[in-house]
Amino acid sequence: MPINKSIQDLPRSNRPEGNSPAANNFVAERIAEHWGELDEHTAPPFAVPEAGPYRGSYAGSRCNRSLYYKLSKTPASNPPGLADRWRMGLGTTIHEMLQKIAGDLFNSDADVDYANAEAELKVDLRPAGIPGSANLDFVFDYKGKRCAVEIKSINGFGFKAAATTFKGPASGPRFGHVLQGAMAAKARGCELLVVCYISMENVSPQMAKTYTTSEAGRFAAEWHYTVEELEPFIELERERIAEVIEAVKVEVMPKRIIVDPEYPEGAEINAPSNGGWVVLDDDGGITDSGSTWYCGYCEHRDLCITDGR
């Protein structure tokens, strides 16, 4: 029997008034809130606690003040909220999926000697001159050279910026991610480093065709380095970590200097409320300025504002 009732009254997104979510968002929000109640979201233990106060993930703290707070174990004034925990939880889920396939990941690759492969390594960073430890996803022999693999999950926007040309030339992986893998690779005596990005969203097939012929490239990309070419950055970071650890010992809080090649040398955050930074000359004049996303994700932002410059 044909149904002749009009469907014109059904809500459509192209109406002038739009189609906003329900004000009483009782199902979706309860799902999210209950997930947050069940998940403990505790920080993972140090890979090698006796190695020292630094952990590999701190490589993402490119502001000296932020690194100081972490190394001094200062309680967070802006702890991760439900949305932040959801994002981190998705990343954890991706790593758990990878662990399930780690055992036979490269069995069919003739270039990989999987007999000496290791997964989910706990790395003592002291052989690299850094008092701390890190976790490393994979280590194996590739064409006769020891290769370390650092895997990062990333949101769709970050993946597009890193791997595609949608905003100009591909930016590549974030400096902190490369540095984290490099320090662990050096400590393990590796010669090569692969930094993998696994996106939580797919890019379009058309966009992916600009840099890959693989369908997996719509959500997966990687960059290759030699540890030798990264040595200068490892050494500078070793010195930076030592300086901040010393600052913690003497209780002298460092300035909010950003140490990242994406920002000009000497860039100092002067407005942590919105991430504003400046570069000053010897007379205190501003020679460059801009903003960074770091402050928006900093767990100590409110405390940093209170502590001042």
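Our structure is the block above this text.
Attention in this report is confined to the structure presented alongside it. On a predicted model such as this, the values are computed, not experimentally measured, just so you know. (Residues numbered from 1 in each chain as written. Predicted model: local features only at pLDDT ≥ 70, side-chain atom pairs only at ≥ 80, totals over all residues. Heavy atoms only, no water.)

### Brief notes about the packing of aromatic side chains
Move 1: Taken as a whole and judged by the stated rule, the model has 10 aromatic pairs.
Move 2: An angle of 50° between the planes, with centres 4.6 Å apart, marks the rings of Trp293 and Tyr294 as tilted.
Move 3: By relative accessible area, Tyr294 is classed as buried at 14%.
Move 4: Grouping aromatic residues by their ring pairs yields a cluster made of Tyr263, Trp277, Trp293, Tyr294 and Tyr297.
Move 5: A cation over a ring is seen here: Arg55 above Phe46, with NZ or CZ 4.1 Å from the ring centre.
Move 6: The ring of Phe166 is capped by Lys160, whose NZ or CZ atom sits 4.7 Å from the centre of that ring. (Phe/Tyr/Trp six-rings, centres within 6.5 Å; stacked < 30°, edge-to-face > 60°. Buried < 20%, exposed > 50% of the residue type's maximum accessible area, 1.4 Å probe, protein only. Lys NZ or Arg CZ within 6 Å of the ring centre and 35° of its normal.)

### Topic: the packing of helix H5 (residues 175-187) against helix H7 (residues 227-250)
Move 1: Look at H5 against H7: their axes get within 9 Å of each other, and the N-to-C directions meet at 95°. On the basis of the axis angle, H5 is roughly perpendicular to H7. Taken together, the residues of H7 that come into contact with H5 (itself represented by Phe175, Val178, Leu179, Ala182, Met183, Ala185 and Lys186) are Val227, Leu230, Glu231, Phe233, Ile234, Glu237 and Ile241.
Move 2: Tallied by class, residues from the contact of H5 with H7 come to 11 nonpolar, no polar and three charged. (Axes fitted to C-alpha atoms, helices over the stretch in contact; angles between N-to-C directions. Helix = DSSP H or I, 4+ residues; strand = E, 2+ residues; numbered from the N terminus. Parallel < 35°, antiparallel > 145°, perpendicular 65-115°, else oblique. Contact = heavy atoms within 4.5 Å. Nonpolar A, V, L, I, M, F, W, Y, C, P; charged D, E, K, R; others polar.)

### Notes on the layout of surface pockets
Move 1: In this structure, the second largest pocket spans a volume of roughly 590 Å³.
Move 2: Lining the second largest pocket are 22 residues, and of these Phe106, Val194, Cys196, Glu222 and His224 sit closest to its centre.
Move 3: The element contributing the most residues to the lining of the second largest pocket is strand E5 (residues 192-199), with six residues. (1 Å grid on protein atoms, 1.4 Å probe; cavity = no way out; pocket = protein on both sides within 12 Å on 5 of 7 lines; lining within 4 Å. Points joined across faces, edges and corners; volume = space filled by probe spheres on them.)

Taken by themselves, the reported measurements are silent on function.
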